[in-house]
Amino acid sequence: MKKILILFSYLLHPIFIPLFGAIVYLFFVDNYLGNFEKYLLLTQIVLITIFIPSTMLFFLKAMGKVDSVMVSKTSDRKIPMLIQLLLMALLLAKSISFETMSELFFFFLGGIISTVLAFFLLFLKIKVSIHTMAISSLTIFVIALSIHENSNWIYAIALLLFLNGIVMSSRLVMKAHNFFELLLGFLIGSIPAIALLQFWL
C-alpha cells in the first residue's frame, strides 16, 4: 500500500497538473479550436511546463542545487519555483489568450498566483505542499467547468476529490510534509482558483 501511495506522488506530480487541466478543457469542453490548434497548444504546454522544468531540475540536481526531483528541502525550492513561474507567465503571454480561452487562461493564472504565494512563504521557512496545491486547483477547475458547461461530471469530480486524499496520504507516508503544510497547500491552491471564477463562470 505504501508503494502505491508513493507512486501517486510521482503520477500526480505538480509538473503534470497544467497538462491535465488543458486536456480537460480542450477535449471535454466546447471551444473554437480545431484539432491542429489543440495539439499545437498541448505540445507547447508539454514543452514549457514539463520538458523545460524537468530538464532544469535534473540540471540543478546534477549541480547539487536540489536534493531530488521532489525538491524536499525548503531552501532548494526557490530556484525551481521561480523558473516555473516565469515559464507559466510566458505561456499565458504567448499561447493562452484571454479572449479565446478565458477558462484555461484563468486556470493558469490561478496556478501562477498560488505559486507566487507558495514562493513568498519559503522566505518565512514555510514549505507548502505543492502537490496538494496543484491537485486542489485542478479539482476546482473541473468542478467549475462542469457548472459552466451544465454537464454532469459527478464521477470525474468524485475521482478528483479521492485523488486529493490520495495525494495528501502519499505526502504524509513519504514524510515530505506535515498536516499543516498539506492543508496550507490545499487552501493556497483552491482559494485563488475560486476567487477567479467570477471572471469566467
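Before any of the text, the structure's been laid out above.
The paragraphs below set out a description of the structure included in this document. Source: prediction; values computed, not measured.

**A look at the packing of helix α2 (residues 17-28) against helix α3 (residues 35-62)**
Contact pair α2 / α3: the axes reach a minimum separation of 10 Å and the direction vectors enclose 170°. Taken together, the axes of α2 and α3 lie roughly antiparallel to each other. Residue-level inspection shows P18, L19, A22, I23, L26 and F27 of α2 in contact with α3, the latter providing K38, Y39, L41, L42, I45, V46, T49 and I50. Here the residues of the contact of α2 with α3 sort into 12 nonpolar, one polar and one charged.

**As for the environment of A144**
Tracing the chain through its elements places A144 in helix α6 (residues 130-148). For the pair A144 and L201, spaced 57 residues apart in sequence, the C-alpha separation works out to 7.0 Å. The contact partners of A144, leaving out residues within four places of it in the chain, are L197, W200 and L201.

**Description of empty space enclosed by the protein**
Applying the stated criterion across every chain, the model contains two cavities of 30 Å³ or more. Each pocket or cavity is described by its volume, and for the second largest cavity that value is around 50 Å³. Lining the second largest cavity, in full, are F106, F107, S137, I140, F141, A193, L196, L197 and W200. For the lining of the second largest cavity, the elements supplying multiple residues, two or more each, are α5 (102-122) and α6. Among the elements that make up the lining of the second largest cavity, the one with the highest residue count is α6 (three residues). A breakdown of the residues in the lining of the second largest cavity according to their chemical character gives eight nonpolar, one polar and no charged.

**Here we look at the nonpolar core**
Soluble, globular proteins show a tendency: their nonpolar side chains are buried together. Formed by 46 residues in total, the largest nonpolar core has its most connected members in I96, L104 and F108. When residues of this core are traced back to their parent elements, those giving at least two are α2, α3, α4 (78-94), α5, α6 and α7 (154-173). Among the elements that take part in this core, α6 stands out by supplying eight residues, more than any other. The residues touching I96, leaving out its near neighbours within four places in the chain, are L41, L91, M101, L104, F105 and F108. With 10 residues, the next largest nonpolar core counts M81, F119, L122 and I130 among its residues.

**Looking at the layout of surface pockets**
Empty space within the largest pocket amounts to approximately 290 Å³. In this structure, the largest pocket is lined by F20, I23, V24, F28, L138, V142, W153, A156, L159, L160 and L163. Taken together, the elements giving at least two residues each to the lining of the largest pocket come down to α2, α6 and α7. For the lining of the largest pocket, the per-class residue count stands at 11 nonpolar, no polar and no charged.

**Details of the side chain of H131**
Tracing the chain through its elements places H131 in helix α6. Relative accessible area serves as the criterion here: at 4%, H131 is assigned to the buried category. Within the local environment of H131, its side chain forms a polar contact with the backbone oxygen of S9, the two atoms lying 2.8 Å apart.

Conventions adopted
Residues numbered from 1 in each chain as written. Predicted model: local features only at pLDDT ≥ 70, side-chain atom pairs only at ≥ 80, totals over all residues. Heavy atoms only, no water. Axes fitted to C-alpha atoms, helices over the stretch in contact; angles between N-to-C directions. Helix = DSSP H or I, 4+ residues; strand = E, 2+ residues; numbered from the N terminus. Parallel < 35°, antiparallel > 145°, perpendicular 65-115°, else oblique. Contact = heavy atoms within 4.5 Å. Nonpolar A, V, L, I, M, F, W, Y, C, P; charged D, E, K, R; others polar. 1 Å grid on protein atoms, 1.4 Å probe; cavity = no way out; pocket = protein on both sides within 12 Å on 5 of 7 lines; lining within 4 Å. Points joined across faces, edges and corners; volume = space filled by probe spheres on them. Core = buried A, V, L, I, M, F, W, Y, C linked by side-chain atoms within 4.5 Å. Buried < 20%, exposed > 50% of the residue type's maximum accessible area, 1.4 Å probe, protein only. Polar contact = N/O pair within 3.5 Å; in protein donor to acceptor, adjacent residues only side chain to side chain.

Structural measurements only, silent on function.
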